[in-house]
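Fold and geometry: a report
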Amino acid sequence: MARPMPVTLRPAVNQDFDYCRRLYFSEMKWIIEELHLDRTAQEISFQWQWDPAQVRILALDGADIGWLQTITQNDEIFIAQLVVDRPFQRKGIGTEMMKCLIRQAAQLNQVIRLNVVKISPARRFYERLGFQVVHEDDRKLYMKLDPDTAMRWSN
């Protein structure tokens, strides 16, 4: 695999909402259609859950290429979203972002949690990083990475 591109993170501002929304729905369109989800309900949910204080924009050479939303509570980091724009996928960017979060969690002895839609290929990505399924419902897998596992990945 090629060396990861030098991606930087910047804090999101309110004006990033439209970019994040567009990118999210361009990547989730097939899942929404496949699962017969209500697009209007998904739009409302997205707007309700998007919080610029929790979002960082991924940038490469000054251009936005994705976004990351994390929520830190107690001894846990919840990864709400990691979206990389299609032309930049499969170049190691998502892996590097996740490894950075895993290192951070290991240093702080935190659990990392996330949810992934069962039909999403991202499931295999998270499993390769050491995440384990701890619960599931009809549509999603609820996954976590314990601090001990994170520590092994951070070394």
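So, here's what we can say about the structure.

Rules behind the numbers
- Residues numbered from 1 in each chain as written.
- Predicted model: local features only at pLDDT ≥ 70, side-chain atom pairs only at ≥ 80, totals over all residues.
- Heavy atoms only, no water.
- 1 Å grid on protein atoms, 1.4 Å probe; cavity = no way out; pocket = protein on both sides within 12 Å on 5 of 7 lines; lining within 4 Å.
- Points joined across faces, edges and corners; volume = space filled by probe spheres on them.
- Helix = DSSP H or I, 4+ residues; strand = E, 2+ residues; numbered from the N terminus.
- Salt bridge = Lys/Arg side-chain N within 4 Å of Asp/Glu carboxyl O.
- Buried < 20%, exposed > 50% of the residue type's maximum accessible area, 1.4 Å probe, protein only.
- Phe/Tyr/Trp six-rings, centres within 6.5 Å; stacked < 30°, edge-to-face > 60°.
- Pairing = 2+ DSSP bridges.
- Axes fitted to C-alpha atoms, helices over the stretch in contact; angles between N-to-C directions.
- Contact = heavy atoms within 4.5 Å.

1. A word on the layout of surface pockets
Taken as a whole, the largest pocket holds about 1700 Å³ of empty space. Lining the largest pocket are 50 residues, with Met28, Leu82, Ser120, Ala122 and Tyr126 sitting closest to its centre. Elements represented by at least two residues in the lining of the largest pocket include exactly α1 (17–34), α2 (39–49), β3 (63–73), β4 (76–84), α3 (93–108), β5 (111–117), α4 (122–128) and β7 (140–145). Here the lining of the largest pocket gets seven residues from one element, more than from any other, and that element is β4.

2. Some details on the pattern of salt bridges
Evaluation of the coordinates by the stated rule reveals ten salt bridges. Among the salt bridges present, the one from arginine 10 reaches aspartate 64, with a minimum N-O distance of 3.1 Å. Taken together, the positions of arginine 10 in strand β1 (residues 8–11) and aspartate 64 in strand β3 put the pair 54 residues apart, joining distant regions of the chain. For arginine 10, a relative accessible area of 28% puts it in the partly exposed group. A relative accessible area of 27% places aspartate 64 in the partly exposed class. With a closest N to O distance of 3.2 Å, lysine 144 and aspartate 146 form a salt bridge. Judged by relative accessible area, which is 33%, aspartate 146 ranks as partly exposed.

3. Some words on the packing of aromatic side chains
A full pass over the atoms with the stated rule returns eight aromatic pairs. Here the aromatic residues Phe17, Tyr24, Phe25, Phe46, Trp50 and Trp67 are joined through ring pairs into a cluster of three or more.

4. Points about the sheet that holds β1
The strand order across the open sheet built from seven strands is β1-β2-β3-β4-β5-β7-β6, with neighbouring strands paired in mixed fashion. Only two strands of the sheet have a single neighbouring strand rather than two, namely β1 and β6 (132–136). Strand-to-strand twist in this sheet, taken as the mean axis angle between neighbours without regard to direction, amounts to 30 degrees. Bridge count between β5 and β7: six bridges; the pairing is antiparallel. Following the sheet pairing, leucine 114 is matched in β7 by methionine 143. Lying on the sheet, α3 is in contact with β1, β2 (55–60), β3, β4, β5 and β7; it crosses β4 at an angle near 170 degrees.

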